[in-house]
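Residues per chain are reported as follows:
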Amino acid sequence: MDLFVRILSDYDAVNAARRLLYEVYISEMGWDFRSDSPTGFRIDKDDQNKPILCDTFDDSSVWFGAYKGDSLIGVTRAVQRNNSLGKLDLELYPASQLPSMKRILRPKANQPLVEVQRGAVAKDYRNTQPSIIQLLLHSAFSYALEKGLNVVCPTVFPVLETLFSRAGMRLVEKKFTYGEGCDEWPTYIFYCSSEDMAQVVNKLKTAARKRKASVSQERGHAKRGRFLVV
């Protein structure tokens, strides 16, 4: 399969990524985000009058897009602190004050921290070999390696919990929550220091196995009003 990943550096490409996020998170998975979410979620329309999922961190994030030919089929991004809030997304929620979280979120001038999150893959490309999300994460972590960054990753999905563990990332918290209500799944938080980044980047090339079930099949088909993070 002719696949490649690149950083999305223009307005139209980022809008295509936000359109894919809407299709996966809202249309397919039925996520009903909190109207008062600290992340500032909103649904806008792009230049084609199609809905896109937006938030406070869009303009300050580094976006990574996976392509098959000219079609965007996957996305993830790295959130930086160089935004109007001066914080990562995780830091906007009370659970960021857990002792485990405070240890990794503490600012380090010589080793900035980024949050890799908001991943999505188009429905028809979730069982490819190589894995699209694996390719996206490899690119995001390679970027972190090049820039000397520490990385924190939230996820609720077993396939990514397994991938991060196999790649050598450290599980620092199993019960992070975003205050989405009684149906919210606890989020696993993984961390990798810049010193260990080269090892993780290398392992991400081979750590993922082909999955025969989609994310929705793993967690069930019912629509849930919760925060979907991959």
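Identification of the protein chain as Acyl-homoserine-lactone synthase from Pocillopora meandrina is taken from an unreviewed UniProt entry.

**Q** Explain the pairing of strand S3 (residues 51-54) to me, please; I cannot follow it from the model alone.
**A** In regular strands, side chains alternate between the two faces of the sheet. Here four bridges tie strand S2 (residues 42-45) to S3, and the two strands are oriented antiparallel to one another. Note on S3: the bridge partner recorded for arginine 42 is cysteine 54. The turn joining S2 and S3, which pair antiparallel and follow one another in sequence, is formed by five residues; a positive phi near 65 degrees is taken by asparagine 49.

**Q** Would you take a moment to explain the sheet that holds strand S9 (residues 187-192) for this structure?
**A** In a beta sheet, neighbouring strands are held together by backbone hydrogen bonds and run either parallel or antiparallel to one another. Across the sheet, which stays open at both edges, the seven strands sit in the order S1-S4-S5-S6-S7-S9-S8 with mixed pairing between neighbours. Since the sheet does not close on itself, it has two edges, and those belong to strand S1 (3-8) and strand S8 (170-176), each with one partner. Between one strand and the next, the sheet's axes are offset by a mean angle of 25 degrees, whatever the strand orientation. Sheet topology note: the S8/S9 ladder contains four bridges and is antiparallel.

**Q** Would you mind going over the environment of methionine 101 with me for this structure?
**A** In this fold, methionine 101 is placed in helix H2 (residues 99-105). Owing to a relative accessible area of 0%, methionine 101 belongs among the buried residues under this scheme.

**Q** I keep staring at the packing of aromatic side chains and nothing clicks. Help me out?
**A** We describe a pair of aromatic rings using the distance from one ring centre to the other and the angle between the two ring planes. All chains considered together, the criterion is met by nine aromatic pairs. Plain terms: the ring middles of phenylalanine 33 and phenylalanine 41 are 5.7 Å apart, the flat faces sit at 35 degrees to each other, and that makes the pair tilted. In this structure phenylalanine 41 comes out as buried when scored by relative accessible area, which is 7%. Pairing phenylalanine 176 with tyrosine 178 gives two aromatic rings, centres 5.0 Å apart and planes at 70 degrees, and the pair type is edge-to-face. Neither residue differs from the other here; phenylalanine 176 and tyrosine 178 are each classed as buried.

**Q** I tried to follow helix H5 (residues 197-204) on my own but got confused; where do I start?
**A** Since the α-helix turns once every 3.6 residues, residues separated by three or four places project in the same direction. Among the residues of H5, Met197, Val200, Val201 and Leu204 are the ones counted as buried. Down the axis of H5, the buried set is contained in an arc of 100 degrees. They therefore lie on one face. The inward-facing, buried residues of H5 contact helix H3 (132-147), strand S7 (150-155), helix H4 (158-166) and S9.

**Q** Is there a simple way to explain the packing of H3 against H5 in this structure?
**A** Any two packed helices are characterised by the angle at which their axes cross and by the distance between the axes. As a packed pair, H3 and H5 sit with axes 9 Å apart at the nearest point and diverge in direction by 160 degrees. When the interaxial angle is binned, H3 and H5 end up roughly antiparallel. As H3 runs across H5, the sense of the crossing is left-handed. Of H5, the residues touching H3 (which contributes Gln134, Leu137, His138, Phe141, Ser142, Ala144 and Leu145) are Met197, Ala198, Val200, Val201 and Leu204. Taken together, the residues of the contact of H3 with H5 break down into nine nonpolar, three polar and no charged.

**Q** Teacher, can you tell me more about the packing of H3 against H4 here?
**A** Two elements in contact, H3 and H4, have axes whose closest approach is 12 Å; the angle formed by their N-to-C orientations is 45 degrees. Considering their axes alone, H3 and H4 lie oblique with respect to each other. As for the relative orientation of H3 and H4, their crossing is right-handed in sense. Counted together, Ile133, Gln134 and Leu137 of H3 and Leu160, Leu163 and Phe164 of H4 form the full contact between these two elements.

The rules behind each value
Residues numbered from 1 in each chain as written. Predicted model: local features only at pLDDT ≥ 70, side-chain atom pairs only at ≥ 80, totals over all residues. Heavy atoms only, no water. Pairing = 2+ DSSP bridges. Helix = DSSP H or I, 4+ residues; strand = E, 2+ residues; numbered from the N terminus. Axes fitted to C-alpha atoms, helices over the stretch in contact; angles between N-to-C directions. Buried < 20%, exposed > 50% of the residue type's maximum accessible area, 1.4 Å probe, protein only. Phe/Tyr/Trp six-rings, centres within 6.5 Å; stacked < 30°, edge-to-face > 60°. Arc of directions from axis to C-beta. Contact = heavy atoms within 4.5 Å. Parallel < 35°, antiparallel > 145°, perpendicular 65-115°, else oblique. Left-handed = near helix turned anticlockwise from the far one by under 90°. Nonpolar A, V, L, I, M, F, W, Y, C, P; charged D, E, K, R; others polar.

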